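As a plain string of letters, each chain reads:
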Amino acid sequence: MARLLHLETFDLPGLADRLPESAQVEVEEMRLAAYEQGYSAGWDDSVAAQSDEVARLRADLGRNLTEMSLSYRDARCHVLGTLESLLHDMVTKVLPTIAHQTLGQIILEHLRPVAETMSAAPIIVTTAPSN
């Protein structure tokens, strides 16, 4: 069974009633000032924590975009390498042997820049304006 915890109180019963009215007003003003000071300190801590979190998230976003950029370049190089062998196989299989020997390299030389241009399409990352 739970026991109730009774803490000692330092208020003197009826003390507020025995103080002069000016002292009662002053005590109330002190309480309000202490409350306001505590509230303000809590608010400042909250704003600082939020600012720290926003800064951390922006740094994470920048780091992730940088990593994504490196991954994109690697992926693009890999796709172009694979596409090169695919184009070579297509020219080899589609053209007869004699045409392959004479036209194959010319066709590949014309298709490589087209493939590179098509694979260089920009990637657009949309974020909030503040980022």
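Residues numbered from 1 in each chain as written. Predicted model: local features only at pLDDT ≥ 70, side-chain atom pairs only at ≥ 80, totals over all residues. Heavy atoms only, no water.

**Overview of the overall build of the protein chain**
What counts here: Runs of H or I in DSSP of at least four residues are treated as helices and runs of E of at least two as strands, each being numbered from the N terminus. The rule is simple: take the accessible area with a 1.4 Å probe, protein chains only, and divide by the maximum for that residue type; under 20% is buried, over 50% is exposed, in between is partly exposed. By definition in these notes, contact holds between two residues if any of their heavy atoms fall within 4.5 Å. The method behind every accessible area is Shrake-Rupley, applied with a 1.4 Å probe, and residues are considered shielded solely by the protein chains displayed.
What the protein chain contains, in helices and strands, is three helices and zero strands. When its helices and strands are written in sequence order, the protein chain yields α-α-α. Classification of the 131 residues of the protein chain by burial places 7% in the buried group. Excluding contacts between residues fewer than 6 apart, the proportion of contacts in the protein chain whose partners are at least 24 apart in sequence is 55%. Element-wise, carbon and sulfur atoms account for 63% of the exposed surface of the protein chain, whose accessible area totals about 11500 Å².

**Here we look at the packing of aromatic side chains**
Selection rule: Side-chain rings of Phe, Tyr and Trp, where Trp is taken by its six-membered ring, are said to pair if the distance between their centres is within 6.5 Å; with planes under 30 degrees apart they count as stacked, over 60 as edge-to-face, and otherwise as tilted.
All told, the structure shown has two aromatic pairs when counted by the stated rule. Ring geometry for Tyr 35 versus Tyr 39: centroids 6.2 Å apart, planes at 25°, classification stacked. Here Tyr 35 pairs with Tyr 39, and both are found in helix 2 (residues 21-94), just four residues apart, close to one helical turn. Look at Tyr 35 and you get exposed, because its relative accessible area is 57%. Here the aromatic rings of Tyr 39 and Trp 43 are separated by 6.5 Å at their centres, their planes lie at 20°, and the arrangement is stacked. In this pair, Tyr 39 and Trp 43 are both assigned in helix 2, four residues apart and thus about one turn of the helix distant. You can call Tyr 39 partly exposed: its relative accessible area is 46%. A connected cluster of aromatic rings, assembled from ring pairs, spans Tyr 35, Tyr 39 and Trp 43.

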